[in-house]
Amino acid sequence: MKRIFGILLLFGLVFGSVRAGEGMWLPLLLQQNEAEMQRMGMKMTAEDIYSINKGSLKDAIVRFGGGCTGSLISSTGLVLTNHHCGFGQIQYHSSLENNYLDQGFWAKTLSEELPNPGLGVTFIVRIEDVTAKALAGLTEGLGERDRQAQIDRNIQVLNEQTPRETWQEVSVRPFFQGNAYYLFVTETFRDVRLVGAPPGAVGKFGADTDNWVWPRHTGDFSIFRVYADKNNRPAAYSPANVPYKPKHYLPISLDGVTPGDFTLVFGFPGTTREYLPASAVQQITETLNPIRIGIRDRSLAIIDEAMRSDPQIRIQYASKQANLANSWKKWIGESLGIKTVNGIEQKKSVEAEFMRRVNAQPQWKTAYGALLPDLEALYKEIEPYAKSRDYITEIASTNVELLRFANTLHQFVVIYENNGADALKQRKEQLRNAFTNFYKDYRPEVDQRVFAALGDLYFTKLPAAHLSPYATEQMNFAGKNADEFARILFYKSRLAQAADWAEKTEADPVQVIRLIKEDYAYQLVRNILETAEVKVFRPYNEIQDKINLLQRSYMKALMEVLKEKRFYPDANSTLRVTYGKVEGYQPKDGVFYVPFTYLDGVMEKFKPGDYEFDVPEKLRQLHASKDYGPYGENGKLPVCFLGSNHTTGGNSGSPAIDAHGNLIGLNFDRVWEGTMSDILYSPAICRNIMVDIRYVLFMVDKYAGASHLVKEMKLVHPKKKG
Ligand code: ARG
Ligand code: ASP
């Protein structure tokens, strides 16, 4: 009896009625959540959030660049996103003389706003359920490959036949592991200019030490502007473009938040895997995460030291280091979190309950009875390949820049070999840019040390069958000494030096292809990856295909067997709504975290001259004189707050919206104890971290003196009636 109760309790926790907070919902299906959202305090309707008939909140939300979110905050195209989302652009415009990463940047007029080649923002025009059309013509017993081919043809037809304007795009994406398909009509604007960014000591305050951690004091924001042609449509960069006029933009509340306030976070969460079996969660958190963590322990130690010793390297490696360190720390938190909440046990209890119900129904038993044991067997089978795959991608395609770069050049070799010199010449500019961009921020002496530190892992951790014969031969030639191998590689490879690659490309791209093919680093990485392709990636993908099929069936089975639960699809970089409330949490026995931080806390962390915790002089003055203007609250300046919104990577830059549809904050992170929410959400400790919008406005207005920008915005007081 007690055991059953325990199971039911756990069941309620994981798969029972979704608790406030959990879930990343499709905006066009919000009707199912509307009542609950209103019970939690929301004053809007589902139609106010997503509508195809009128301007709605969704028209103020953009996918920002490759992997972030932004929101429109003025009728004149201003976009708010995170500092770490605009980081690449801020860095791109920075030099030792004009170091915007350090000093911040503020355009005083439209003409000072800085264009960003390659950056785009995407609006969602409308979303349609196309499941029936995407899955049309699938016959019983079709193999996976044929099934996918049929779906691809169906999608192709949808792409061709969906009505849209000439400047709009259509894409179709799978949901619920391929049990449902949705179509997105989108509009992408490619003239997006940098308007403002706070100094790094504010935008990145606390850096890696505070990253993924509460209490937090980071002003993680930057401001851009979308430009359109004179018809308000997307256009390539042109000085003649004008600020875009959005269908909707977010009014900004100056009234702040209190515990229990309704919060809605609207954005583009990247990837979650909430429906994995216990065996897979265990593999990720106990085997694969530790591999990747171990590799980056080594590379980050080297990069960190180099950055500390040389200000030029600090700029050059700022973005690369931030990316490597961010995932590294997240994996550590994720593995810890699963342990703390007994995640594997939780998953197992749910599976036991699932099996109990399945076994009680003959037709379910036949259809679903073998799913979990089969999945478990496949996850076992894939493990050796998954481990090698992680070592190889981390070393050859991520951490060692020379290898990664040499391999990206392979695409140009292929173009030349398949399509000849003319095809290559057409891509001359791309090839030249590849060289210029790479060498701008490249320091071979740092990279050589990274290779030396990681090289031996490749040889000692991979089974012999997965190793590149060429790499093995070269390692032997270097006396099985990774330092020596690194020295030889960086001495012999021409690609390790910037030299005159860009000029050579201009003069004779075919000659450049020849040099690439002869290059030692190129040959090395190609052999590593070609061997991996046959010995590791291919078998991995074959097993993964089988896993995907079973995960699809398992998803369908879960939705059928656990009828009482409301399911949400895993994140897949499509537009989602998550909602919760402002609330703190108890990370461990005897400790409760309140959900607010203030500028006083910035001063408590202040370490003069420290690269993570320095505070700009002007901010210290404003703090000393308590000169907070309309942005303070009882003599204090709010900085960050917490909510129980279910977010993930990609939600960075997402607006936090109040019960009425006003902007109250800017999402940028999650708390350390809850980073496992990508595989298992725990309502008690999963919290997202947002910058209070009043801190953003304070920085723009009082700190930077860019009050002209605040004038473009619409400030409101929803809590102070009348
Ligand atoms: N952890 C946050 C996210 O995943 C913020 C990352 C940016 N900050 C940093 N120190 N790398 O993106
Ligand atoms: N910091 C993340 C991002 O950049 C958000 C998160 O993982 O919570 O998207």
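Residues numbered from 1 in each chain as written. Chains lettered and ligands numbered in written order. Predicted model: local features only at pLDDT ≥ 70, side-chain atom pairs only at ≥ 80, totals over all residues. Heavy atoms only, no water.

**Q** Can you walk me through the nonpolar core in this structure?
**A** It is characteristic of soluble globular proteins that their nonpolar side chains tend to be buried jointly. Membership of the largest hydrophobic core comes to 205 residues, with the highest contact counts inside it found for Ile49, Leu264, Phe354, Phe435, Leu495 and Tyr695. The element contributing the most residues to this core is helix H23 (residues 520-561), with 19 residues. With residues up to four places along the chain from it excluded, the contact list for Leu264 reads Met37, Met42, Met44, Ile49, Val577, Thr578, Tyr579, Asn645, Pro655, Ala656 and Ile657. Listed in part, the eleven residues of the second largest apolar core include Ile151, Val170, Val172 and Leu183. (Core = buried A, V, L, I, M, F, W, Y, C linked by side-chain atoms within 4.5 Å. Buried < 20%, exposed > 50% of the residue type's maximum accessible area, 1.4 Å probe, protein only. Helix = DSSP H or I, 4+ residues; strand = E, 2+ residues; numbered from the N terminus. Contact = heavy atoms within 4.5 Å.)

**Q** Could you clarify how one ought to interpret the site of ligand 1 in this entry?
**A** Taken together, His84, Lys204, Ala207, Asp208, Asn211, Trp212, Ala322, Asn326, Ser652, Phe668 and Asp669 form the complete shell of residues around ligand 1. The contact in question runs from a nitrogen atom of ligand 1 to an N or O atom on the side chain of Asn211, over 2.7 Å. One of the side-chain nitrogen or oxygen atoms of Asp669 is found 2.8 Å away from a nitrogen atom of ligand 1. Considered on its own, ligand 1 offers 340 Å² of accessible surface; in the complex 89% of this is hidden by protein. Among the secondary structure elements, those contributing two or more residues to the shell around ligand 1 are helix H9 (207-210), helix H11 (311-340) and strand S20 (663-670). Along the lines of polarity and charge, the residues of the shell around ligand 1 split into four nonpolar, four polar and three charged. (Near = heavy atom within 4 Å. Polar contact = N/O pair within 3.5 Å; in protein donor to acceptor, adjacent residues only side chain to side chain. Areas by Shrake-Rupley, 256 points an atom, 1.4 Å probe, with all protein chains shown as cover. Nonpolar A, V, L, I, M, F, W, Y, C, P; charged D, E, K, R; others polar.)

**Q** Would you take a moment to explain the site of ligand 2 for this structure?
**A** Residues in close proximity to ligand 2 include His84, Trp212, Thr648, Gly649, Gly650, Asn651, Ser652, Phe668, Asp669 and Arg670, which together make up its full environment. Ser652 places a side-chain nitrogen or oxygen 2.3 Å from an oxygen atom of ligand 2. Contacts to ligand 2 include Arg670, whose side-chain N or O atom sits 2.8 Å from an oxygen atom. With three residues, S20 is the single largest residue contributor to the shell around ligand 2. By residue class, the composition of the shell around ligand 2 is two nonpolar, six polar and two charged.

**Q** I tried to follow the environment of Leu467 on my own but got confused; where do I start?
**A** Along the polypeptide, Leu467 turns up in the loop between helix H18 (444-461) and helix H19 (469-477). Residues Leu467 and Ile547, 80 residues apart in the sequence, show an inter-C-alpha distance of 25 Å. When residues no more than four places from it in sequence are discounted, the contact partners of Leu467 are Tyr458, Phe459, Leu462, Thr472 and Thr531.

**Q** What am I meant to see in the packing of aromatic side chains here?
**A** By convention here, two paired aromatic rings are described through the distance between centres and the angle between planes. Within this structure, the stated rule accounts for 30 aromatic pairs. Here Phe175 and Phe184 contribute two aromatic rings whose centre-to-centre distance is 6.1 Å and whose plane-to-plane angle is 25°, an arrangement assigned as stacked. Taken as a pair, Phe175 and Phe184 share a single burial class, namely buried. Seen from their ring centres, Phe405 and Phe438 are 3.9 Å apart, and the 0° between their planes marks the pair as stacked. A residue pair is termed long-range when its members are at least 10 positions apart, and Phe405 in helix H15 (residues 401-408) and Phe438 in helix H17 (residues 428-440) qualify at 33 residues. Residue Phe405 is classed as buried on the basis of its relative accessible area of 5%. On the basis of relative accessibility, which here comes to 11%, the residue Phe438 falls in the buried class. Among the aromatic residues, those joined into a ring-pair cluster are Phe405, Phe435, Phe438, Tyr439, Tyr442 and Trp501. Geometry around Tyr317 places Lys320 over its ring, the cationic atom sitting 4.0 Å from the centre. Over the face of the ring belonging to Phe567 we find Lys565, whose NZ or CZ atom lies 4.9 Å from the ring centre. (Phe/Tyr/Trp six-rings, centres within 6.5 Å; stacked < 30°, edge-to-face > 60°. Lys NZ or Arg CZ within 6 Å of the ring centre and 35° of its normal.)

**Q** Mind showing me how you'd approach H23 here?
**A** Residues spaced three or four apart along an α-helix face the same direction, because each turn holds 3.6 residues. At Glu533, H23 shows its largest kink, close to 50°. The N-cap of H23, judged by a side-chain oxygen 2.9 Å from the amide nitrogen of Ala521 a few residues on, is Asp519. (Bend = angle between axes of the 7 residues up to and from the residue.)

**Q** Help me understand the packing of helix H12 (residues 343-359) against H23, please; the structure alone is not making it clear to me.
**A** It is the contact of H12 with H23, at a shortest axis distance of 11 Å, that shows an interaxial angle of 75°. By the criterion of interaxial angle, the relationship of H12 to H23 is roughly perpendicular. In this structure, H12 contributes Glu351, Phe354, Arg357 and Val358 to the contact, and H23 contributes Tyr554, Ala557, Leu558 and Val561. Looking at side-chain class alone, the contact of H12 with H23 contains six nonpolar, no polar and two charged residues. (Axes fitted to C-alpha atoms, helices over the stretch in contact; angles between N-to-C directions. Parallel < 35°, antiparallel > 145°, perpendicular 65-115°, else oblique.)

**Q** Help me understand the state of the cysteines in this model?
**A** As used here, a disulfide is simply a covalent bond connecting the sulfur atoms of two cysteines. Evaluated as defined, the whole model comprises one disulfide. Bridging Cys68 to Cys85, the disulfide has an S-S length of 2.1 Å. Between Cys68 and Cys85, the S-S dihedral sits near -75°, and the bridge is therefore left-handed. Taken together, the residues Cys68 in strand S2 (residues 68-72) and Cys85 in helix H4 (residues 83-92) connect sequence positions 17 residues apart. Neither residue differs from the other here; Cys68 and Cys85 are each classed as buried. (Disulfide = S-S within 2.5 Å.)

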